[in-house]
Amino acid sequence: MNTKDIIIRRIILLAIVLLAWETLPRLGVINPLFIPPLSGVITALRELAGNGEMATHAAISLQRAALGFAAGAVLGLPLGLVLGGWFPRLQTALEPLMELFAQANPLILFHVIILFLGIGEAAKTFIIGWLCLWPVTFATITGVRTADPTLLKAARSLGLGRAGLFVRVTLPAAAPSIVTGLRLAAGYAFIMLIAAEMMGASSGLGWLVIQAQESYHITRIFAGAFVITLLAITADWLLKLLGGRFLSRVESGADDYVRMQGSAGKI
Amino acid sequence: MSNLAENIIPDQEPKIVIRNIGRTFHIKKSPAGPHDFVALQEISLEVQKGEFVALVGPSGCGKSTLLDILAGLAKPNSGAVFIDGKQVTGPALDRGIVLQGYALFPWRTVRQNVEFGLEIKKVAKGERREISTRFIDLVGLKGFEDRFPHELSGGMKQRVAIARALAYDPEVLLMDEPFAAVDAQTRETLQDELLRIWEETRKTIIFVTHSIEEAVFLADRVAVLTANPGTVREIVPIDLPRPRQNSDIRSSPEFGWTRHKIWELLQNQPPADHRAGEQRPVADAISPSAAL
């Protein structure tokens, strides 16, 4: 099976799902009040896009998600590098505590944070940043800790010092894991963003969806969900592209596998 | 018979002097309770400039530990290593190391891997490129400069590792079971290639292996090590003609005889006072292929 076949199969499957979305509510198999047909959602999307509402809310949401994600990454990366690379014992000691922080339910935590920071932007940035911090930190620690010891040995035999080893070997060896952590964090950022906007905001995509729900604009709920998904997928795709620099060079990468399968099919 | 060892002036200062090396590991957790494990005991060996010496022995005889000490990556508890009369205190660019697991940087191309040591040595970019081209040619990987390690076979990866170790021009090459992970046919090819490269570059090579055949085929002298504790049992000069690569020397009677002699050395136990209690035939610990 070559790449072209895979793409064709994917398009066919997607078309079937979209077609079912359109026809099943129309035929009354699914209640159109709960799940409106695709065409209705598209109409709502065009309406929201036309009056500029969608762009305004998407922009503010994107800004919140990006700010929180950036805060989490900017703190998580050095934290992971320092704990994983320089203080492995401290890291081991801190692990249960960090695990607890990472697992603490962010929706409950958000209410506590609101008590301190109020209901404004600071609280939203904080909770998104908090949620992004842990996957980045853990992935960085794992990446640093699992750097191939034979690579370090080979580099050390050249008389490379600690700092040199870190920059030339440990960091590039950890890069694929770090990129995975960043992608996870970006996904979390969008989930938390919507939750935060639903709990306390007067703008943003989460607020738009809640508003639509309260006024029974079901098509608008789907339109909002569509834009949120699109933003999240785009963010992931961008990070993947950034990480592709490292990931494609690692052994048995999934993308390489697809390419190999493709060229084998042509022979 | 021409042998390199004979061409060396006897009173010349040896390139490498290993003097009374001892290395003990303290084992904290074991069924027998905490105890000391003597990995190396009173190891002494002198290696001449340009000589090819193989260290052969069963697993657990400390041959890899010895190589780490030579590389400066581990410290002995007693004794010292001298290269050109200077004591080894840590790793440096006068020694190149080739490991069994290739240890190529997966994010670097073949060329970038070969240039790694040169970057550390702060060689200018143009010169780096010239040197890496030369050594990639030397190991027969012309045309593969821009490939990544995961695109290469095991044998090709090991060629890259050899080129990388040679590129920054160390005088001594330390090789730790470099061909153990490749198939038998590739292994023989790599052995031929290594001898050709050695003759072209005139490096001093210390080569660790558990294969007697490999040691006999490659080396001027074979140091036979035994385990528990790791000691040099005997140093066997290999009086086989050179060049040995691309020849049928493996099937010659002399080759067979030398191989058998080393096999016997490994099988027969050293005097009993050295190894109280643990009477284990050393040959059992050697891989079956080594005794073939």
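Definitions and cut-offs
Residues numbered from 1 in each chain as written. Chains lettered and ligands numbered in written order. Predicted model: local features only at pLDDT ≥ 70, side-chain atom pairs only at ≥ 80, totals over all residues. Heavy atoms only, no water. Helix = DSSP H or I, 4+ residues; strand = E, 2+ residues; numbered from the N terminus. Buried < 20%, exposed > 50% of the residue type's maximum accessible area, 1.4 Å probe, protein only. Contact = heavy atoms within 4.5 Å. Areas by Shrake-Rupley, 256 points an atom, 1.4 Å probe, with all protein chains shown as cover. Lys, Arg positive; Asp, Glu negative; His and termini not counted. Salt bridge = Lys/Arg side-chain N within 4 Å of Asp/Glu carboxyl O. Polar contact = N/O pair within 3.5 Å; in protein donor to acceptor, adjacent residues only side chain to side chain. Pairing = 2+ DSSP bridges. Axes fitted to C-alpha atoms, helices over the stretch in contact; angles between N-to-C directions. Core = buried A, V, L, I, M, F, W, Y, C linked by side-chain atoms within 4.5 Å. Domains from an automatic or database assignment. 1 Å grid on protein atoms, 1.4 Å probe; cavity = no way out; pocket = protein on both sides within 12 Å on 5 of 7 lines; lining within 4 Å. Points joined across faces, edges and corners; volume = space filled by probe spheres on them. Nonpolar A, V, L, I, M, F, W, Y, C, P; charged D, E, K, R; others polar. Buried area = accessible area lost by both parts, 1.4 Å probe. pLDDT = per-residue confidence, 0-100.

### Focus: the overall build of chain A
Alright, step 1. A tally of regular secondary structure across chain A gives 11 helices and zero strands.
Alright, step 2. Each helix and strand of chain A, placed in order from N terminus to C terminus, yields the pattern α-α-α-α-α-α-α-α-α-α-α.
Alright, step 3. Counting the 267 residues in chain A, one finds 37% classified as buried.
Alright, step 4. Taking contacts inside chain A between residues at least 6 apart in sequence as the whole, the part at least 24 apart equals 72%.
Alright, step 5. Carbon together with sulfur atoms contributes 71% to the accessible area of chain A, which is approximately 15100 Å² in total.

### A few points about the side chain of Glu 145 of chain B
All names here are of chain B.
Alright, step 1. Along the chain, the position of Glu 145 falls in the loop between helix H5 (125-138) and helix H6 (154-167).
Alright, step 2. Buried charge without a salt bridge: Glu 145, with Arg 111 as the nearest opposite-charge side chain at an N-O distance of 4.5 Å.
Alright, step 3. At a separation of 2.9 Å, a polar atom in the side chain of Glu 145 contacts the main-chain amide nitrogen of Gly 143.
Alright, step 4. Contacts of Glu 145, omitting those with residues within four sequence positions, involve Thr 109, Val 110, Arg 111 and Ile 136.

### Points about the sheet that holds strand S1 (residues 16-27) of chain B
Residues and elements named next belong to chain B.
Alright, step 1. Pairing is antiparallel in the open sheet, where four strands are placed in the order S2-S1-S4-S5. Each edge of the open sheet carries a strand with a single partner, namely strand S2 (35-47) and strand S5 (86-87).
Alright, step 2. Note: strand S4 (residues 78-83) against S5, two bridges, orientation antiparallel. From the neighbouring strand, Ile 83 faces S5, where its bridge partner is Lys 86.
Alright, step 3. Seen against the sheet, helix H2 (residues 63-71) touches S1, S2 and S4 and runs at an angle of roughly 120° to S1.

### Digging into the pattern of salt bridges
Between side chains of opposite charge, pairing is possible as soon as their charged atoms come close.
All names here are of chain B.
Alright, step 1. All told, the structure shown has 24 salt bridges over all chains when counted by the stated rule.
Alright, step 2. Among the salt bridges present, the one from Asp 94 reaches Arg 95, with a minimum N-O distance of 2.9 Å.
Alright, step 3. The partly exposed category is assigned to Asp 94, whose relative accessible area is 32%.
Alright, step 4. Between Arg 108 and Glu 119 there is a salt bridge, with the nearest N and O atoms lying 2.9 Å from each other. Taken together, the residues span a long stretch of sequence, with Arg 108 in the loop between strand S6 (95-98) and helix H3 (110-114) and Glu 119 in helix H4 (residues 116-120) at a distance of 11 residues.
Alright, step 5. When salt bridges that share partners are traced, they join Arg 159, Glu 193, Arg 196 and Glu 200 into one network.

### Side note on the nonpolar core
Alright, step 1. Among the nonpolar cores identified, the biggest contains 93 residues, and Ile 16, Phe 52, Val 222 and Ile 262 of chain B are the most heavily contacted of them.
Alright, step 2. Two domains each donate at least three residues to this core, and these are domain 1 (4-94 + 171-291) and domain 2 (102-169) of chain B.
Alright, step 3. Filtering out sequence-adjacent residues up to four positions away, Ile 16 of chain B remains in contact with Leu 45, Glu 46, Val 47, Leu 70, Val 81, Phe 82, Ile 83, Val 172, Thr 204 and Ile 206 of chain B.
Alright, step 4. Judged by nonpolar contacts, the second largest core, of 41 residues, contains Ala 123, Phe 190, Met 192 and Ala 195 of chain A.

### Topic: empty space enclosed by the protein
Alright, step 1. Tallied over the full model, the rule gives five cavities of 30 Å³ or more.
Alright, step 2. Its volume calculated, the largest cavity comes out at about 70 Å³.
Alright, step 3. Lining the largest cavity, in full, are Ala 154, Ala 155, Ser 157 and Leu 158 of chain A together with Ile 97, Phe 105, Phe 116, Ala 161, Arg 164, Ala 165 and Tyr 168 of chain B.
Alright, step 4. For the lining of the largest cavity, the secondary structure elements donating two or more residues are helix H7 (149-156) of chain A together with H6 of chain B.
Alright, step 5. The dominant element in the lining of the largest cavity, judged by the number of residues it contributes, is H6 of chain B, at three residues.
Alright, step 6. Partitioning the lining of the largest cavity into residue classes produces nine nonpolar, one polar and one charged.

### Things to note about the interface of chain A and chain B
Alright, step 1. Listed as interface residues are 19 residues of chain A and, on the opposing side, 23 residues of chain B.
Alright, step 2. The contact between chain A and chain B buries some 2000 Å² in all, and 68% of this surface belongs to carbon and sulfur atoms.
Alright, step 3. Inspection of the chain A/chain B interface yields two salt bridges.
Alright, step 4. As a salt-bridge pair, Glu 119 of chain B and Arg 168 of chain A come within 2.9 Å of each other at their nearest N and O atoms.
Alright, step 5. One can count two residue pairs in polar contact (both at pLDDT 80 or more) joining chain A with chain B.
Alright, step 6. Counting residues per element, the ones that place at least two in the side of chain A that touches chain B are H7 and helix H8 (162-199) of chain A.
Alright, step 7. Ranked by residue count, the leading element in the side of chain A that touches chain B is H7 of chain A, at six residues.
Alright, step 8. The residue makeup of the side of chain A that touches chain B, split by class, is nine nonpolar, four polar and six charged.

### Topic: the confidence of the model for chain A
Alright, step 1. Confidence in the prediction of chain A, expressed as mean pLDDT, is 87, and 91% of residues score 70 or more.
Alright, step 2. The low-confidence segment residues 251-267 of chain A (pLDDT under 50) makes nine contacts with residues lying over four places distant or belonging to another chain.

### Digging into H2 of chain B
All names here are of chain B.
Alright, step 1. Within H2, eight of the nine residues are buried, leaving the element largely enclosed by the surrounding structure.
Alright, step 2. Buried within H2 are the following residues: Lys 63, Thr 65, Leu 66, Leu 67, Asp 68, Ile 69, Leu 70 and Ala 71.
Alright, step 3. Looking one or two residues beyond H2, the residue adopting positive phi is Gly 72, at roughly 85°.

### Examining the side chain of Thr 65 of chain B
Residue and element names in this part refer to chain B.
Alright, step 1. Within the secondary structure, Thr 65 sits in helix H2.
Alright, step 2. When its relative accessible area of 16% is taken as the criterion, Thr 65 is described as buried.
Alright, step 3. Those residues within four positions of Thr 65 in sequence are excluded, and the remaining contacts are Arg 23, Phe 25 and Leu 40.

### Let's talk about the sheet that holds strand S9 (residues 221-226) of chain B
Within a sheet, each strand pairs with its neighbour through backbone hydrogen bonds, oriented either parallel or antiparallel.
All names here are of chain B.
Alright, step 1. The strand order across the open sheet built from six strands is S6-S7-S8-S3-S9-S10, with neighbouring strands paired in mixed fashion. Each edge of the open sheet is held by one strand with a lone partner, namely S6 and strand S10 (231-237). Strand-to-strand, the axes of this sheet are offset by a mean angle of 20°, without reference to chain direction.
Alright, step 2. Both S9 and S10 contribute to a ladder of six bridges, which runs antiparallel. If you follow Ala 223 over to S10, its bridge partner there is Ile 235.
Alright, step 3. Where helix H7 (residues 184-201) meets the sheet, it contacts strand S3 (52-56), strand S7 (172-176) and strand S8 (204-209), and its direction lies at approximately 160° from that of S8.
Alright, step 4. Contacts from helix H9 (residues 253-267) reach S3, S9 and S10 within the one sheet, and its direction differs from that of S10 by about 165°.

### Some words on unusual backbone geometry
All names here are of chain B.
Alright, step 1. Backbone torsion omega between Asn 228 and Pro 229 reads -5°, so that peptide bond is classified as cis.
Alright, step 2. Here Pro 229 is to be found in the loop between S9 and S10.
Alright, step 3. In this model, Lys 122 sits at a positive phi of 60°, which is unusual for a non-glycine residue.
Alright, step 4. What makes Lys 122 exposed here is its relative accessible area of 73%.
Alright, step 5. Despite not being glycine, Asn 228 has its phi angle at roughly 55°, a positive value.
Alright, step 6. Along the chain, Asn 228 turns up in the loop between S9 and S10.

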